[in-house]
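# Geometric and topological summary
What follows is the residue order along each chain.
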Amino acid sequence: MLRIAVPNKGSLSVPASDMLREAGYRQRRDTRELVLADPDNGAEFFFLRPRDVAVYVGSGTVDVGITGRDLLLDSGADAVEHLPLGFAASTFRFAAPAGTITDVEQINGRRVASSYDTLVRSYLRERGIEPSAVVHLDGAVESSVRLGVADVIADVVETGTTLRAAGLEVFGEPILRSEALLIRRSGVAEPAGLDVLTRRLQGVITAHEYVLMDYDVPMELVDAAVAVTPGFESPTVSPLHNGESAAVRSMVKRSETNRVMDALYEVGARGIIVTSIHASRL
């Protein structure tokens, strides 16, 4: 069986389990379950602390796991990215009291607090920057400056509201752009069953990202319309019974649906009729 580590709590937990469920795998109904066998799909799931997932994968205790890019890099584990999963996007940045620091080089000789101290040390070392200390904190990093523990923090930034409330502002380029990943152990052959898991997850990702758009178009406008909706490789074009029009089905990025409809209207004014837009299922 393919042994898969899944975050047991935190922001990664529910989306990871939902994605696996959409991919046809069993998932736990009780959060107290630590191990769940799915013999019908040749898989066994282990629900672990998000920070521990990469460690277990890197040691070979489990075959693959779902975790964040930030947690993977901070772990130092012998594991690598296998497939980006498209959720839990975040940006990891430095922040300091407003108006005090504008460049990463100014971190030299200062104290940096972070929950991701391994990642921070590596980032600064690669750039020849030497802080006086990198302080590990498990939470509430934004309070460390006010409490005199650090001069600078490095943390996940979403809206920046929490930072501003603490009198901090970001500076420099992002340290890292993170998202959820499927990871595997590095330097070894891919485990049996990983190809099936990968294919299923890619199908779920595509279904989330794309919709199927159906529309009727006059024959003389088919080429121009298809140029607007090229799909993955080529859309399906079926002549209608009247011989004057065709029905087109194409995959369109969900985020671009309205723009594509506007473009189709410009191609054919009222001659193109969108008949349906619905979720893709691969």
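Below: a short report on this structure. (Residues numbered from 1 in each chain as written. Predicted model: local features only at pLDDT ≥ 70, side-chain atom pairs only at ≥ 80, totals over all residues. Heavy atoms only, no water.)

### Looking at the overall build of the chain
What the chain contains, in helices and strands, is eight helices and 15 strands. Its C-alpha radius of gyration of 24 Å places the chain more than 25% over the 19 Å reference for a compact globule of 282 residues. Looking at the 282 residues of the chain, the share that counts as buried comes to 44%. Nonlocal contacts in the chain, meaning residues at least 24 apart in sequence, comprise 68% of its contacts between residues at least 6 apart. In the structure as shown, the chain presents an accessible area of about 14,600 Å², 49% of it carried by carbon and sulfur atoms. (Helix = DSSP H or I, 4+ residues; strand = E, 2+ residues; numbered from the N terminus. Rg over C-alpha atoms; globule rule 2.2 N^0.38 Å. Buried < 20%, exposed > 50% of the residue type's maximum accessible area, 1.4 Å probe, protein only. Contact = heavy atoms within 4.5 Å. Areas by Shrake-Rupley, 256 points an atom, 1.4 Å probe, with all protein chains shown as cover.)

### A look at the pattern of salt bridges
Two side chains bearing opposite charge may form a pair once their charged atoms approach each other closely. A full pass over the atoms with the stated rule returns 13 salt bridges. As a salt-bridge pair, Glu179 and Arg69 come within 3.7 Å of each other at their nearest N and O atoms. Of this pair, Glu179 sits in the loop between β10 (168–178) and β11 (180–185) while Arg69 sits in helix α3 (residues 69–75), and the two are 110 residues apart along the sequence. Each member of the pair Glu179 and Arg69 is classed as buried. As a salt-bridge pair, Glu209 and Lys253 come within 3.4 Å of each other at their nearest N and O atoms. Of this pair, Glu209 sits in helix α6 (residues 194–209) while Lys253 sits in strand β14 (residues 245–253), and the two are 44 residues apart along the sequence. Lys253 gets classed as partly exposed once you look at its relative accessible area, which sits at 31%. (Salt bridge = Lys/Arg side-chain N within 4 Å of Asp/Glu carboxyl O.)

### A few points about the pairing of strand β9 (residues 152–157)
β9 sits mainly inside the fold: five of its six residues count as buried. Taken together, the five bridges between strand β6 (residues 90–97) and β9 define a ladder with antiparallel strand orientation. Its bridge partner lying in β9, Thr91 is registered against Val157. Where strand β7 (residues 111–114) and β9 come together, three bridges link them in parallel fashion. Paired with Ala113 across the strands is Ile153, a residue of β9. (Pairing = 2+ DSSP bridges.)

### Here we look at the sheet that holds β14
Reading across from one edge, β13-β14-β12-β15 is the order of the four strands in this open sheet, with antiparallel pairing throughout. Both outer strands of the open sheet, β13 (236–239) and β15 (273–279), are each paired with one neighbouring strand and no more. Between one strand axis and the next, the sheet turns by 20 degrees as a mean value, whatever way the strands run. Pairing of strand β12 (residues 210–218) with β15, which is carried by six bridges, proceeds in the antiparallel orientation. Paired with Asp216 across the strands is Ile273, a residue of β15. Across the sheet, α6 lies against β12 and β14, angled at about 55 degrees from β12, the strand it touches most. Contacts from helix α8 (residues 257–268) reach β12, β14 and β15, with the element oriented near 10 degrees to β12. (Axes fitted to C-alpha atoms, helices over the stretch in contact; angles between N-to-C directions.)

### A look at the environment of Glu220
On the secondary structure map, Glu220 appears in the loop between β12 and α7 (222–228). Judged by its relative accessible area of 65%, Glu220 is exposed. Separated by 24 residues in sequence, Glu220 and Glu244 place their C-alpha atoms 8.4 Å apart.

### Things to note about the nonpolar core
In this structure, Phe45, Leu85, Phe94, Ile107, Leu182, Leu197 and Leu201 are the most contacted members of the largest nonpolar core, which totals 45 residues. In terms of residue count, α6 provides more of this core than any other element does, five residues in total. For Leu201, the contacting residues outside a window of four places in its chain are Met19, Leu20, Ala23, Leu83, Leu85 and Leu182. Counting 13 residues, the second largest nonpolar core, distinct from the first, contains Met213, Val217, Ala225 and Val226. (Core = buried A, V, L, I, M, F, W, Y, C linked by side-chain atoms within 4.5 Å.)

### Digging into the packing of helix α1 (residues 13–22) against α6
At a closest axis distance of 9 Å, the pairing of α1 and α6 adopts a crossing angle of 105 degrees. Of the possible angle classes, the one that applies to α1 and α6 is roughly perpendicular. Facing Met19, Leu20 and Glu22 of α1, the residues of α6 in contact are Leu197, Leu201, Val204, Ile205 and His208. Considering only residue class, the contact of α1 with α6 consists of six nonpolar, one polar and one charged. (Parallel < 35°, antiparallel > 145°, perpendicular 65-115°, else oblique. Nonpolar A, V, L, I, M, F, W, Y, C, P; charged D, E, K, R; others polar.)

### Side note on helix α4 (residues 117–126)
Those residues of α4 lying buried are Asp117, Leu119, Val120, Tyr123 and Leu124. Looking down the long axis of α4, one finds its buried residues gathered within 160 degrees of arc, a one-sided arrangement. Opposite the buried face of α4, at more than 90 degrees from it, the exposed residues are Arg125 and Glu126. Packed against the buried residues of α4 are α3, β6, β7, β8 (133–136), β9 and β10. Gly128 sits one or two positions beyond α4 and adopts a positive phi of about 70 degrees. (Arc of directions from axis to C-beta.)

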